[in-house]
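A look at the structure
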Amino acid sequence: MSPAPDSKQDRRPPYQHAADELRRDVLQGRIKPGEQMPSIRELQDRFGVANMTARAALNVLRDEGLIYTIHGRGSFVADHDAGGEFSVNYTAPAWYLANKGEKPSQTEQGEGRPDDAEAAGATLADMLTALRDEIRALSADHQELRREVEELKAQRSKP
């Protein structure tokens, strides 16, 4: 019996192959922190995979903290420090903090990092909670604006 071709020896799923190559690109600096990752369509063409396979590859990198995704904008390489540790450097918008009556914390401004993992986790949890609240508020505002637009359209259509 002849040995299996090279492509048959590695039995990992295609999304793992794509994730490995993208990870290598990021770690070798071909895609730098803050830069946008290739689109799903570009990944499909590059790796010859389906849409969901390309998405799964990005999900692997997102789960590892290597990238983050902004809905409607794309995926971006997360910032990392000199030690190679990656993190999303999120600072709440000034208008949001002004509405909440808060000031950006030292960590949010990038002036310092928590020394222990527990403090970093608490800070990340606080930021995620604030982000969730911000998204909910924006969603409510969006729904209100949609209702107003529909009312205006209805008024215009009346003779």
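In what follows, the accompanying structure is described. (Residues numbered from 1 in each chain as written. Predicted model: local features only at pLDDT ≥ 70, side-chain atom pairs only at ≥ 80, totals over all residues. Heavy atoms only, no water.)

**Considerations on the pattern of salt bridges**
One pass over the structure, following the stated rule, counts 6 salt bridges. For D20, the salt bridge identified is with R12, shortest N-O distance 2.3 Å. The class of D20 is buried, set by a relative accessible area of 17%. Each of R12, D20, R23 and E64 takes part in one network of salt bridges that share partners. (Salt bridge = Lys/Arg side-chain N within 4 Å of Asp/Glu carboxyl O. Buried < 20%, exposed > 50% of the residue type's maximum accessible area, 1.4 Å probe, protein only.)

**Considering the packing of helix α3 (residues 40-47) against helix α4 (residues 51-63)**
For the pair α3 and α4, the least separation of the axes is 9 Å and the interaxial angle reads 105°. Compared by their axis directions, α3 and α4 come out roughly perpendicular. Residues I40, L43 and Q44 of α3 touch α4, and the partners they reach there are N51, A54, R55 and L58. Grouping the amino acids of the contact of α3 with α4 by side-chain chemistry returns 4 nonpolar, 2 polar and 1 charged. (Axes fitted to C-alpha atoms, helices over the stretch in contact; angles between N-to-C directions. Helix = DSSP H or I, 4+ residues; strand = E, 2+ residues; numbered from the N terminus. Parallel < 35°, antiparallel > 145°, perpendicular 65-115°, else oblique. Contact = heavy atoms within 4.5 Å. Nonpolar A, V, L, I, M, F, W, Y, C, P; charged D, E, K, R; others polar.)

**A look at the pairing of strand β2 (residues 74-77)**
Across 4 bridges, the pairing between strand β1 (residues 67-70) and β2 is antiparallel. Of the residues in β2, the one forming a bridge with T69 is S75. What sits between the antiparallel neighbours β1 and β2 is a turn of 3 residues, in which G72 has the positive phi angle 85°. (Pairing = 2+ DSSP bridges.)

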